Amino acid sequence: MAGRGRLRIYLGAAPGVGKTYKMLGEAQRRRERGTDVVVGFVETHGREQTAAMLDGLEVVPRRIVDHRGASFTELDLDALLARRPGVALVDELAHTNVPGSRNAKRWQDVDELLSAGIDVISTVNIQHLESINDVVEKITGVPQRETVPDRVVRAANQIELVDMAPEALRRRMAHGNVYAADKVDAALGNYFRIGNLSALRELALLWLADRVDAGLQQYREQHDIDSTWEARERVVVALTGGPEGETLIRRAARIAARSAGGDLLAVHVTRSDGLTGADPARLAQQRQLVESLGGSYHQVVGEDVPDALLAFARAENATQLVLGGSRRSFLSTLLTGPGIGATSIRESGDIDVHIVTHSQMGRGRLPRLQGSLSRRRLVYGFALAILLPPILAVLLGPGGDTLNLTSNVLAFLFAVVVVALVGGLWPAMLAAIAGTLVLNWFFTPPTRSFTITEPNNALALGIFILVAAMVSSVVDRAARRTRQAARAAAESETLATLAGSVLRGETALPALLERVREAFGMTSACLMERIDTDELTETWRPIASAGTPTCRRPEDGDAEIPGRDDLVLVLQGRSLAADERRLVGAFAAHAAALVDRARLTEAAAEAKPLAEADKLRTALLRAVGHDLRSPLASAKASVTSLRSSDVEWTPAERDELLETADESLDRLSRLVDNLLDLSRLQAGVLPVFTRPMALDEILPGVLEEDSKVTVDLPSSLPLVEADPALLERVVANLLANAVRYSPPGQGPLLTGSSLGDLVEIRVVDRGPGLPVEDRDRMFAPFQRLGDTDNTTGVGLGLALARGLAEAMGGTLRPEDTPGGGLTMVVSMPSATMRDVPVPGRLERGAL
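Here is a short report on the structure shown in this document. (Residues numbered from 1 in each chain as written. Predicted model: local features only at pLDDT ≥ 70, side-chain atom pairs only at ≥ 80, totals over all residues. Heavy atoms only, no water.)

Before going further, it helps to spend a moment on the sheet that holds strand S1 (residues 7-12). Judged by pairing direction, the sheet is parallel, and its six strands sit side by side in the order S3-S2-S6-S7-S1-S8 without closing on themselves. The open sheet has two edge strands, strand S3 (58-59) and strand S8 (158-162), and neither has a second partner. Sheet analysis places strand S6 (residues 87-90) next to strand S7 (residues 119-125), joined by four bridges and oriented parallel. Residue pairing in the sheet places alanine 88 in a bridge with valine 120 of S7. Those strands touched by helix H1 (residues 19-32) are S1, strand S2 (37-41), S6, S7 and S8, and its axis lies near 165 degrees from that of S7. (Pairing = 2+ DSSP bridges. Helix = DSSP H or I, 4+ residues; strand = E, 2+ residues; numbered from the N terminus. Contact = heavy atoms within 4.5 Å. Axes fitted to C-alpha atoms, helices over the stretch in contact; angles between N-to-C directions.)

Taken as a whole and assessed by the stated rule, the structure comprises 25 salt bridges. The salt bridge partner of arginine 813 is glutamate 815, with a shortest N-O separation of 3.2 Å. Overall, the relative accessible area of 25% leaves glutamate 815 in the partly exposed class. (Salt bridge = Lys/Arg side-chain N within 4 Å of Asp/Glu carboxyl O. Buried < 20%, exposed > 50% of the residue type's maximum accessible area, 1.4 Å probe, protein only.)

You can see leucine 642 is positioned in helix H20 (residues 578-643). Sequence-wise, leucine 642 and glutamate 653 are 11 residues apart; in three dimensions their C-alpha atoms are separated by 9.4 Å. Residues within four places of leucine 642 in sequence aside, it is in contact with Trp649, Arg654, Leu657 and Leu658.

For the rest of this paragraph, the subject is the pairing of strand S9 (residues 234-239). Taken across its six residues, S9 has six buried, putting it largely inside the fold. Both S9 and strand S10 (residues 263-270) contribute to a ladder of six bridges, which runs parallel. Across the sheet, the residue bridging to arginine 234 is aspartate 263, located in S10.

Attention now moves to a negative patch on the surface. On the surface, a cluster of negative charge is contributed by Glu653, Asp655, Glu656, Glu659, Asp662, Glu663 and Asp666. Among the secondary structure elements, glutamate 656 is positioned in helix H21 (residues 651-683). (Patch = residues over 30% accessible without salt bridge, like charges linked within 9 Å, V, L, I, M, F, W, Y side chains within 5 Å. Areas by Shrake-Rupley, 256 points an atom, 1.4 Å probe, with all protein chains shown as cover. Lys, Arg positive; Asp, Glu negative; His and termini not counted. Charge placed at Lys NZ, Arg CZ, Asp CG, Glu CD.)

Two numbers describe a pair of packed helices, the interaxial angle and the distance between the axes. Running from N to C, helix H12 (residues 305-315) and helix H14 (residues 340-347) cross one another at 45 degrees; their axes reach a closest spacing of 9 Å. What the angle tells us is that H12 and H14 run oblique. The hand of the H12/H14 crossing is right-handed. In this structure, H12 contributes Val305, Pro306, Asp307, Leu309, Leu310 and Arg314 to the contact, and H14 contributes Ile340, Thr343, Ser344 and Glu347. Its residues assigned to classes, the contact of H12 with H14 shows five nonpolar, two polar and three charged. (Parallel < 35°, antiparallel > 145°, perpendicular 65-115°, else oblique. Left-handed = near helix turned anticlockwise from the far one by under 90°. Nonpolar A, V, L, I, M, F, W, Y, C, P; charged D, E, K, R; others polar.)

Soluble globular proteins tend to pack their nonpolar side chains together in the buried interior. In this structure, Leu89, Leu93, Ile126, Val148, Val153, Phe192 and Leu200 are the most contacted members of the largest nonpolar core, which totals 60 residues. A total of six residues in this core trace back to one element, the largest contributor, which is helix H9 (residues 194-222). Each residue touching leucine 89, except ones within four places of it in the same chain, is listed here: Met23, Leu24, Ala27, Val37, Val38, Val39, Gly40, Phe41, Val42, Leu57 and Ile121. One finds Leu750, Val759, Val763 and Leu822 within the second-largest nonpolar core, a separate group that totals 36 residues. (Core = buried A, V, L, I, M, F, W, Y, C linked by side-chain atoms within 4.5 Å.)

What follows concerns the sheet that holds S10. Strand order across the open sheet formed by six strands is S13-S12-S9-S10-S11-S18, with parallel pairing between neighbours. In the strand order of this sheet, the two ends are held by strand S13 (352-356) and strand S18 (576-577), each with one partner. Relative to S13, strand S12 (residues 320-324) runs parallel, the two sharing five bridges. Paired with glutamine 320 across the two strands is aspartate 352, which belongs to S13. Across the sheet, helix H10 (residues 245-257) touches S9, S10, S12 and S13, and the angle it forms with S9 is around 175 degrees. H12 rests against S9, S10, strand S11 (296-301) and S12 of the sheet, and its axis sits at about 150 degrees to S10.

With that settled, the discussion passes to the side chain of histidine 95. Looking at the element boundaries, histidine 95 is found in the loop between S6 and helix H4 (106-115). The buried category is assigned to histidine 95, whose relative accessible area is 17%. Leave out the neighbours within four places in its chain, and histidine 95 touches Glu74, Lys105, Arg106 and Glu146.

Further remarks concern the environment of arginine 346. Topologically, arginine 346 is positioned in helix H14. Linking arginine 346 and proline 306, residues 40 residues apart in sequence, is a C-alpha distance of 9.9 Å.

Before going further, it helps to examine unusual backbone geometry. The phi dihedral of arginine 84 falls on the positive side, at around 50 degrees, and the residue is not glycine. For arginine 84, the position within the fold is in the loop between helix H3 (77-83) and S6. Assessed through its relative accessible area of 43%, arginine 84 is described here as partly exposed. Non-glycine residue glutamate 92 carries a positive phi angle of around 55 degrees. As for its position among the elements, glutamate 92 is in the loop between S6 and H4. On the basis of relative accessibility, which here comes to 26%, the residue glutamate 92 falls in the partly exposed class.

This next bit is on the packing of aromatic side chains. Scanning the entire structure with this criterion turns up zero aromatic pairs. Seen from the ring of phenylalanine 41, arginine 62 lies directly overhead, with NZ or CZ sitting 3.9 Å from the centre. Taking NZ or CZ as reference, arginine 106 lies 3.9 Å from the ring centre of phenylalanine 41, over its face. (Phe/Tyr/Trp six-rings, centres within 6.5 Å; stacked < 30°, edge-to-face > 60°. Lys NZ or Arg CZ within 6 Å of the ring centre and 35° of its normal.)

Structure (structure tokens):
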């Protein structure tokens, strides 16, 4: 089977820019290369240059459609599918077909061609895209009634912009190359004004740029490209929640505005412990300012702020990073080393970093002494750093005559190592400084003084401080690596769980959202879908959620992760780290896939009844072609023969023909009754009137059908609650089926028995029986009529029999006949009026 064809679209800003001409030029080039190119529908609008491009191309004749007394020409889809070319040209993708056509829109015709494996080249103007149709109307004042969904155009394999300057297009019109001379002045003064054409041109360029950008991002993801490609300016501004934020935002906005289509992204990095020091009210104001300037606001979590900023910037393919000048004081810089700006510049790679000066530079406080350990361990570390040096001084003081300075230094070094293991870098540095002072005061000659006379003692104290700093740094780094390893292990386990759910085919969307909520410690997770968008607002609706509270719009959450263009995963509880966003993105993509799968399943479920109905109609037509036609043919032949004046019929022959016609019409009447009853059953409108009755009541109507039935109904059988007419139809259909399959000389047996509150009627035959796997299929309507061999299968009678039995509150099931054959068992509820007199019974025996 051929794959789906490829779609190429020529996109224009307005009519007359040359889309059709370019399309025909491409067709001519392909024809010269030997490609099988056919013109399905091309509208030249009377332009001679465009019409000349049709020379040498095969043109499929158009289909003529009559509508309201007028004739119109449309694309002949059936002829094009029958011709099956390699490439088909179909102009004006947004065209609305004349009522009565197979499809309402031409893009639906194109979709059928693509599904048939035919490549299609088409054209469309920017004003016909649904997403910007209303914008075009506001610009031009002209409503566009013919539109095409954006997804159809976005799904094209190739989109080529046919561009023309507004002045050049107006010159084309003035020369008569677009419209007839009598329409040029009106067009130039209305729709084709310079302002309108410039706005439409910008819309076309921006729409195509977004589509190209999406394709570029997809390519980068598929090829694991992390480096920045400066195809489009993306400016990231880092916000700390400080007063300089507004200055940075406006500066970044001016940088982004220097290039058309530049993006502005603001990001605030918080630590995982939530100790950010930022003013929430000020951050909220800065977020509003960013959004008012057309940018977007993001919040990520990261232990290392420069790493988190650069990770976010690279993930967004940012080209520039805007940072504020450091607010740290000179002393703070000396104590803690290079700041965020210097580190970002050193590690930025191909991302340009801008350091913006502001009035708050150099006015900050000393930084918090927060390492990679928890606050509790930090407190314990500082406590040990304060307590251990004096304790060691007391313990080592009595041994001053026996221990030398080296032994004392080693003891204090051991204390520093203990503090480093407990509290990390800063407590260990405090312990080292305190230990140095204690050693110098109590144990370094001259004692009781901070003076050091021996060079060896000075060297020992220097090495002591150096070793203490190195050990504490290693412990701090090990703690950081331990956290990173634990996070990586957790991410791997989470991704493995997600992959396992995909392999197992799990489709429970709420369960997936609950897993996301638990894995990332959120209070709630909600998958939202955009259902409506206008110039100012977007309308969202939640599809599924886990936890509370449930978000009503993406802005209500702390993190927004897109699953696709119209789906977003909203999390509440905390901000996400830069590396966590990538992990949550995998869950968002899987959630979007689950939504698509669920909707496809629903569509398939909705289509299934239609398919069943179509199958039923097909079977009914076959029934009309055989079971209805046979008795009609017999009756028709008999009546025609009787009316013929060419033959003299004897009375016996006349009676035989009349009997044949009568039997054929009886068969036809029974079949029509069965069809009507079956349709009433399926529609739920078959009238059922049950009453207590004896089984003997149905025997006269049943046994007149055939005399080959043996009846054995015990006289002790209780009354049954049933509709006499319907029960008679059930048993008659079962007996007729049993007679058909019974061997010669062995007619079926009709018997009954009582079992609890049920009365079972059995129709037993000695025929070939039926395999167990076919017993459900035997009750399908028209089963026999749909088979190749009409002498096998069970036809309409059994379907009707089961439906009538169930309508009366009973059941019908097949069983094996001991010794071979099939037994059909009708179970009916026994009547509650056991004291009702039983009518006279027929004697059992062969009839």
